[in-house]
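Single-letter residue listing:
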Amino acid sequence: MTDKPIKYRRILLKLSGEALMGSMDYGIDPEVIGRLAREIRDVQQAGVEVGVVIGGGNIFRGAGLAEAGMDRVTGDHMGMLATVMNALAMQDALEKLGVEVRTTSAIKINEVCEDFIRRRAIRHFEKGRVVLFAAGTGNPFFTTDSAAALRAVEIGADLLLKATKVDGVYDADPKKKKDARRYEKLSYDEVIARNLQVMDTAAIALCRDYGMPLRIYDMTRPGDLMRILKGQAIGTLVHAAKA
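Since this is a predicted model, take the numbers as computed values, not measurements.

Our focus in this paragraph is the UniProt feature "binding site: ATP" (unreviewed entry) in the protein. Per the UniProt record, "binding site: ATP" (unreviewed entry) is annotated on Lys14, Leu15, Ser16, Gly17, Gly57, Arg61, Thr164, Tyr170 and Asp173. Across 160 residues of sequence, these annotated residues are also dispersed in space, with a maximum C-alpha separation of 24.7 Å. In this fold, Gly57 is placed in the loop between strand 2 (49–54) and helix 2 (62–67). Gly57 has contacts with Gly17 and Glu18, leaving out every residue within four places of it along the chain. Following the sequence through the fold, Asp173 ends up in the loop between strand 7 (169–170) and strand 8 (182–183). Judged by its relative accessible area of 35%, Asp173 is partly exposed.

Before going further, it helps to spend a moment on the packing of helix 5 (residues 144–154) against helix 7 (residues 201–209). Two elements in contact, helix 5 and helix 7, have axes whose closest approach is 7 Å; the angle formed by their N-to-C orientations is 15 degrees. Our classification of the angle between helix 5 and helix 7 gives roughly parallel. Between helix 5 and helix 7 lies a crossing whose hand is left-handed. Here Asp145, Ser146, Ala149, Leu150 and Val153 of helix 5 come into contact with helix 7, specifically with Ala202, Ala203, Leu206 and Cys207. Grouping the constituent residues of the contact of helix 5 with helix 7 by class yields seven nonpolar, one polar and one charged.

Applying the stated rule across the entire model yields one aromatic pair. For the pair Phe116 and Phe133, a centre-to-centre distance of 5.6 Å together with 75 degrees between the ring planes defines the contact as edge-to-face. Here Phe116, found in the loop between strand 4 (114–115) and helix 4 (118–126), pairs with Phe133, found in strand 5 (residues 130–134); they are 17 residues apart in sequence, far enough to count as distant. On the basis of relative accessible area, Phe116 is assigned to the buried category, the value being 18%. For Phe133, a relative accessible area of 3% puts it in the buried group. Above the plane of the ring of Phe116 lies Arg151, whose end atom (NZ or CZ) is 3.8 Å from the centre.

Analysis parameters
Residues numbered from 1 in each chain as written. Predicted model: local features only at pLDDT ≥ 70, side-chain atom pairs only at ≥ 80, totals over all residues. Heavy atoms only, no water. UniProt positions renumbered as here; feature names shortened; annotations may be inferred. Helix = DSSP H or I, 4+ residues; strand = E, 2+ residues; numbered from the N terminus. Contact = heavy atoms within 4.5 Å. Buried < 20%, exposed > 50% of the residue type's maximum accessible area, 1.4 Å probe, protein only. Axes fitted to C-alpha atoms, helices over the stretch in contact; angles between N-to-C directions. Parallel < 35°, antiparallel > 145°, perpendicular 65-115°, else oblique. Left-handed = near helix turned anticlockwise from the far one by under 90°. Nonpolar A, V, L, I, M, F, W, Y, C, P; charged D, E, K, R; others polar. Phe/Tyr/Trp six-rings, centres within 6.5 Å; stacked < 30°, edge-to-face > 60°. Lys NZ or Arg CZ within 6 Å of the ring centre and 35° of its normal.

Structure below.
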């Protein structure tokens, strides 16, 4: 049996900052970021153009800081800087594997990474580089989920992937309810109407408005990223409802 071909030309992968912690309480687990970097390298070498948005929740979360009494805009700016730190860590992990990579930022921080410019990012893809998108949208009050949806649309991605620690979207918390049912497919409107917390509503609405398919999968299962890109129905697909 011949190996299945890759189905997607360009993807946007959303990684949560918390995912980088592994079993740690804070920061970055080198083993976890190394494994993720290897998976990104493997799909990139298979011919897929890869963009990555990484959250900052393993270091700072703007909303959490605001709840503790900090000014929300200040907290969100701290969160943006945390995503830059995570992106630089991923850049280092990828470069150690021989992958060409560029880190771009939605806020000006030229000493450590490039400004995000859409046309330049697309040119990086064309030159075979992985592109890391840091600092969210560059604006307070918007999550890195929204940034991932925005960048996916801007770069013309064929698929937006959200890597989590759960193997898809359930109708209840599978850790609390053993008979929770996993959805194989959902429409954007179903996600919003049922308040399924797949991504924030702004991100889902943007995906819906521009027809960006979204797949949620378990990043702790090695090899699933490649399997998805070869067409396997892993996790939960959020897409447009059939007319």
